[in-house]
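# Understanding the architecture of this molecule
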Amino acid sequence: EETIPKKGENIAWGESNAVVYANSMIGAKTEKYADYFDICAAIAGRVPALGVHLDENRKAGVILDATDMIRCHVIPSLEQKKKKNKDEGYTDHHCDDDDDDGLDAFFATLGYVR
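Residues numbered from 1 in each chain as written. Predicted model: local features only at pLDDT ≥ 70, side-chain atom pairs only at ≥ 80, totals over all residues. Heavy atoms only, no water.

In terms of regular secondary structure, the protein chain is built from 4 helices and 0 strands. Scanning the protein chain from its N terminus toward the C terminus, one meets helices and strands in the order α-α-α-α. Relative to its full complement of 114 residues, the protein chain shows a buried share of 25%. For the protein chain, long-range pairs separated by at least 24 residues make up 27% of all intrachain contacts whose partners lie at least 6 apart in sequence. Surface exposure of the protein chain reaches about 8700 Å², of which carbon and sulfur atoms provide 55%. (Helix = DSSP H or I, 4+ residues; strand = E, 2+ residues; numbered from the N terminus. Buried < 20%, exposed > 50% of the residue type's maximum accessible area, 1.4 Å probe, protein only. Contact = heavy atoms within 4.5 Å. Areas by Shrake-Rupley, 256 points an atom, 1.4 Å probe, with all protein chains shown as cover.)

Here the focus is the side chain of histidine 53. Within the secondary structure layout, histidine 53 lies in the loop between helix H2 (37–44) and helix H3 (67–87). Here the side chain of histidine 53 touches tyrosine 33 through a polar contact of 2.5 Å, side chain to side chain. Among residues more than four places away in sequence, those in contact with histidine 53 are Asn10, Ile11, Lys29, Thr30, Glu31, Tyr33, Val47 and Pro48. (Polar contact = N/O pair within 3.5 Å; in protein donor to acceptor, adjacent residues only side chain to side chain.)

Turning our attention to the confidence of the model for the protein chain. Looking at the protein chain, pLDDT values average 76 and 73% of them are 70 or higher. Below pLDDT 50 for its whole length, residues 90–97 participates in 13 contacts with residues either more than four positions away or in separate chains. Between residues 100–114, whose pLDDT stays under 50, and residues either more than four places distant or in other chains, the model counts 29 contacts. (pLDDT = per-residue confidence, 0-100.)

If you walk through the whole model with that rule in mind, you get 1 aromatic pair. Measuring from centroid to centroid gives 4.6 Å for tyrosine 33 and phenylalanine 37, while their planes differ by 15 degrees, and the two rings are stacked. (Phe/Tyr/Trp six-rings, centres within 6.5 Å; stacked < 30°, edge-to-face > 60°.)

Here's what the structure looks like:
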């Protein structure tokens, strides 16, 4: 039996990090529920029709374009860190990209292609 939530599926998760992951990465719909509420939702097999469970509440109210800030401040800072690490004999191993500098994962998260 498949237990991984599907995109658009209403679920009830209570742990903050899991809620962010479910909403943003999986595309499932869940609020941050108080203790025991998620258990009650599991028993009932239902969640309230409110908050991010409703499509109209999942639309951005404010869109922030940080492209210029990233281009002017973040990229140079990361490039400087990359150079310093290589000068000191360190390499970044937290990303599976071609040059192990971690930038591809950062930009992929932002939807930015370098």
